[in-house]
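Here is how the chains run, residue by residue.
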Amino acid sequence: MNQKTSSTHSYYDADIVVVGAGGAGLTAAAAGAEKGARVIIIDKRKPGGSSAMAKGFLAAESPFQKRAMIHTPKDLVYKIAMEYGHLKMDPRIVRAFVNKSGDTAGWLEKMGITVGHVSPSYIDQEPLTWHIVDGGGDRVITQLKRYCAELGVQILPRTEAKNISHHKGRITGVTVIKGGLESVIRTNSVILATGGYGGNKELLKKYCSIYHDGMPCIGVPNMGDGVVMATSLGAATEGLGVLQLAGPFYPERTPIMINGKEIIMPLAAIGFEPNIVWVNKKGERFIDETVGGDHFESAYAVVRQPDMVAFIIADSGIIQTMEAQGLIAGQGKYKEIQRRGMPGLPQAIRSVVHNGRTLVSESWDEIASWMGAEPQTLKNTIEEYNACCDQGYDPIFAKERQFLIPLRTPPYYAMKGDIRFLGTIGGIKINHHMEVIDLQGYPIPGLFAAGVDTGGWTGDNYCGKLPGTTFGFALNSGRIAGENAAIFVLKGASKA
Ligand SMILES: Cc1cc2nc3c(=O)[nH]c(=O)nc-3n(C[C@H](O)[C@H](O)[C@H](O)COP(=O)(O)OP(=O)(O)OC[C@H]3O[C@@H](n4cnc5c(N)ncnc54)[C@H](O)[C@@H]3O)c2cc1C
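Caption draft 1: Here's a closer look at the site of the ligand. Residues in close proximity to the ligand total 39 residues, the closest being Asp 43, Arg 45, Ser 51, Asp 225 and Phe 471. Taking Gly 56, its main chain carries an N or O atom lying 2.8 Å from a nitrogen atom of the ligand. Between the ligand and Thr 469, the relevant distance is 3.5 Å, taken from an oxygen atom to a main-chain nitrogen or oxygen of the residue. In isolation the ligand exposes 1000 Å². Once the protein is present, 95% of that is buried. Listing elements by their share of the shell around the ligand, those giving two or more residues are α1 (23-34), β9 (159-167) and α14 (469-490). Here the element with the most residues in the shell around the ligand is α14; it accounts for four residues. Of the residues in the shell around the ligand, the class split is 15 nonpolar, 18 polar and six charged.

Structural data, given as structure tokens:
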């Protein structure tokens, strides 16, 4: 791994080059180095990617679950994943991911990563898969970097991969740019883990029919470099066009005191509570709002509305109940708020009124005008909803009786929610060894890919029924890719 220089270039040598140091890249680098390979990992930013923003990862039959007596059989998780994706995935990839996940959780624990709880993401969710990490994804990244350094992995931040060179069907190196200077890392094996194309408007428009310019990506704006480099080497694609959607997303955050401790609360959580009401720009309800418990799936209901907007509506009674009792729906990290009260919530909402996304008013007429709806349409909607609440039955969308709470106590609250996405999923076609597959269906020797750069392991969104899926896949596919790349370069035993 020594750096050498010639008149035009610097050269590095490595057995394996990992491109992208998010969850997938760092696990790949560590796993490759554990098997004895000399590994260089590069990142065009600092290591972390969107992985650093995650709350928790999926695992089945992990040590954390076993100690907490949580029963989450691998077979069940595998079957739910396949069913969610309408079988339009590669079952061997899904199986490899799920089977590895419990072991990977233990592997991470040995690096000093602790899990606060294994959380549902909505009411009564089963089985429990979402391992909420103390310190979140950021802590996972820190510990993985430390472990990589211990194993002798060379980590090159602010180093961008531009091109993979090859000769007679063999990979020969990666051209990188660091500080404006071009270098070549000579290697016979590359693992691509560049985190998708959530920041690349051109690719988003090409592959995602629902994407529009006003739809923000809340993850790291990765540019699709992995997909571009793989396809230029003849890789096939799979699953392009999948966005990790969430909505209706109300983006305000405000400090709230919980048990004497101030936390910065994303008010988005209010929008996913089952006892609120959603209306579109016309002032019409459009679905049973309890679907917001899985706020990835509920996004599709919002996508169908004019301008992909939904207003989150509540009266003072509902907001005061939330203030007194906290959230009902699970939101992982915000477990402390669940059913425990959020003192000062009405004032917190009022404190963000100036941003133009929120209105608190005594009058539905004023709220309707602000939304751009016909006042009579909104008033009819509220009247109809209140009648459903009075009779304890929603004949329109069959919302569960316990969440039918009438909106009668002013002031009323209206919060504008839209669609956001955490990033993209899919792109490079792989097999269950994380080998990149060419257009004829064969592995490209020495080329591997992991994380959300790849397709074939999920359906057409983040699988909210198995929370932790994307971060979990990044960690596990990376680990499998690293093991197999090491076997490839060191000509070792059978594939992992
Ligand atoms: C706010 C938020 C919360 C989330 N919470 C969860 C959660 O709780 N559970 C869950 O399962 N998922 C969650 N996700 C999604 C999940 O974090 C990601 O889908 C997953 O971690 C992606 O991992 P990755 O390694 O594939 O990509 P990333 O973590 O994005 O890493 C890709 C890396 O590649 C680098 N890179 C890109 N191009 C190049 C190049 N040419 N050269 C060198 N480096 C390059 C980037 O700089 C980046 O660091 C969340 C996402 C967000 C935004």
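Here the narrative resumes, following the displayed structure.
Caption draft 2: View of the pattern of salt bridges. For the coordinates displayed, the defined rule picks out 24 salt bridges. Among the salt bridges present, the one from Glu 284 reaches Lys 282, with a minimum N-O distance of 4.0 Å. What makes Lys 282 partly exposed here is its relative accessible area of 46%. One salt-bridge network, in which partners are shared between bridges, spans Lys 44, Glu 160, Lys 162 and Asp 225.

Caption draft 3: How the structure looks around the sheet that holds strand β20 (residues 435-437). The strand order β8-β4-β3-β12-β21-β20 describes an open sheet built from six strands, whose pairing is mixed. The sheet is open, and its two borders are formed by β8 (154-156) and β20, each paired with just one other strand. Going across the sheet, the axis of each strand differs from the next one's by a mean of 30°, ignoring polarity. Sheet topology places strand β3 (residues 16-19) next to strand β4 (residues 39-42); four bridges connect them, and they run parallel. Residue pairing across strands places Val 19 opposite Ile 42, the latter belonging to β4. Docked against the sheet, α1 engages β3, β4 and β12 (189-192), running at close to 170° with respect to β4.

Caption draft 4: The arrangement of the domain arrangement of the chain in detail. Segmentation of the chain into domains returns domain 1 (4-242 + 425-490) and domain 2 (252-356 + 363-409). Of the residues lining the interface, 18 residues belong to domain 1; the matching set on domain 2 comes to 17 residues. Summed over both partners, the interface of domain 1 with domain 2 comes to about 1400 Å²; 63% of that surface belongs to carbon and sulfur atoms. Put simply, domain 1 and domain 2 have one salt bridge between them. The partner of Lys 465 in a salt bridge is Asp 294, and the shortest N-O contact between them spans 3.8 Å. At the boundary of domain 1 with domain 2, the tally comes to three residue pairs in polar contact (both at pLDDT 80 or more). Within the residue set of the side of domain 1 that touches domain 2, elements represented by two or more residues are β6 (115-119) and β7 (130-133). Here the side of domain 1 that touches domain 2 is composed, by residue class, of nine nonpolar, six polar and three charged.

Caption draft 5: Spatial organisation of unusual backbone geometry. In this chain, Gly 247 is followed by Pro 248 through a cis amide linkage whose omega measures 5°. Its place among the elements puts Pro 248 in strand β13 (residues 237-249). In the segment running from Pro 410 into Pro 411, the intervening peptide bond is cis, with an omega of 0°. If you trace the backbone, Pro 411 turns up in the loop between α13 (375-391) and β19 (412-429). Although it is not a glycine, Lys 168 sits at a positive phi angle of roughly 50°. In this fold, Lys 168 is placed in the loop between β9 and β10 (170-178).

Calculation criteria
- Residues numbered from 1 in each chain as written.
- Predicted model: local features only at pLDDT ≥ 70, side-chain atom pairs only at ≥ 80, totals over all residues.
- Heavy atoms only, no water.
- Near = heavy atom within 4 Å.
- Polar contact = N/O pair within 3.5 Å; in protein donor to acceptor, adjacent residues only side chain to side chain.
- Areas by Shrake-Rupley, 256 points an atom, 1.4 Å probe, with all protein chains shown as cover.
- Helix = DSSP H or I, 4+ residues; strand = E, 2+ residues; numbered from the N terminus.
- Nonpolar A, V, L, I, M, F, W, Y, C, P; charged D, E, K, R; others polar.
- Salt bridge = Lys/Arg side-chain N within 4 Å of Asp/Glu carboxyl O.
- Buried < 20%, exposed > 50% of the residue type's maximum accessible area, 1.4 Å probe, protein only.
- Pairing = 2+ DSSP bridges.
- Axes fitted to C-alpha atoms, helices over the stretch in contact; angles between N-to-C directions.
- Contact = heavy atoms within 4.5 Å.
- Domains from an automatic or database assignment.
- Buried area = accessible area lost by both parts, 1.4 Å probe.

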